[in-house]
Amino acid sequence: MITLFHSPNSRSTAIVMALHEMEVTDRVTLRLTEIPRADGTGRADPANPHPEGKVPLLDHDGVHVWERPAILTYLSDLFPDAPGIRPTGHSQRGPFLSWLTYYGDVVEPVFIMKAAELEHPYITAGLRGFDEVVARMAAALADGREYLLPDGFSTADLLMASPFMWFRDYLPEHPAIRAWFGRVTARASVQAVGAQDQLDAKKVA
Ligand SMILES: N[C@@H](CCC(=O)N[C@@H](CS)C(=O)NCC(=O)O)C(=O)O
């Protein structure tokens, strides 16, 4: 049995969107869970097996997978024929994994540093900064492609777009990035899960 611990309007939302894109919502059970929120609401759910009580967490027959890049990679291995992923052996598997890992290793920390207004030579040396993230995305989209991979949408687009969904002010004034973000957020998965999250948010904190 595969269960995703999900809290509405949180980092796990992108994983639920990915399940829709992969057309595997009937294969993965959603378990709504509570988390402590930045505004002081919510609490850790003792039933959530995440080591820090966070979401998302994927439970596959009692084996736990956490961190979104790992979960999206794991799902792509579990469902190699699903749309929206690049399975092992696919010519774009490497770039697909690279965007997922780049998100976790660089983009998310860079967003947090930006929000916290933190700068340090170690950060610049190790991660680079927000401008470099924007430049990397702009470079990928420079050839006119619609999504980050040259052969179309992937769940890596959901992950890379996810921080901009919460921090809309951070969306750069770059036409190709704005058009890409518009395409990602117009997708049926994003619209449907966003609407469902609003309903589910009333059930859990
Ligand atoms: N790097 C993790 C971050 C997970 C994370 O921080 N999730 C937040 C939700 S937005 C959470 O569960 N917070 C609850 C807490 O900090 O206790 C990932 O991307 O999966």
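Bear in mind that the values here come from a model prediction, so they are computed numbers and not experimental data.

This part covers the domain arrangement of the protein. Split into domains, the protein comes out as domain 1 (2–85 + 190–200) and domain 2 (93–187). Domain 1 and domain 2 are separated by 21 Å when their C-alpha centres are compared. Contacts between domain 1 and domain 2 engage 12 residues on the former and 14 residues on the latter. At the level of elements, helix 1 (13–21) and helix 2 (68–78) are the ones that each hand at least two residues to the side of domain 1 that touches domain 2. Its residues placed into classes, the side of domain 1 that touches domain 2 shows seven nonpolar, two polar and three charged.

All right, on to the packing of helix 2 against helix 3 (residues 93–116) then. Close contact between helix 2 and helix 3 brings their axes to 8 Å; oriented N to C, the two are set at 160 degrees. Between helix 2 and helix 3, the angle falls in the class roughly antiparallel. Between helix 2 and helix 3 lies a crossing whose hand is right-handed. The segment helix 2 lies against helix 3, with R68, P69, L72 and T73 engaging L97, L100, T101, Y103 and G104. Considering only residue class, the contact of helix 2 with helix 3 consists of five nonpolar, three polar and one charged.

Procedures and definitions
- Residues numbered from 1 in each chain as written.
- Predicted model: local features only at pLDDT ≥ 70, side-chain atom pairs only at ≥ 80, totals over all residues.
- Domains from an automatic or database assignment.
- Contact = placed C-beta atoms within 7 Å.
- Helix = DSSP H or I, 4+ residues; strand = E, 2+ residues; numbered from the N terminus.
- Nonpolar A, V, L, I, M, F, W, Y, C, P; charged D, E, K, R; others polar.
- Axes fitted to C-alpha atoms, helices over the stretch in contact; angles between N-to-C directions.
- Parallel < 35°, antiparallel > 145°, perpendicular 65-115°, else oblique.
- Left-handed = near helix turned anticlockwise from the far one by under 90°.

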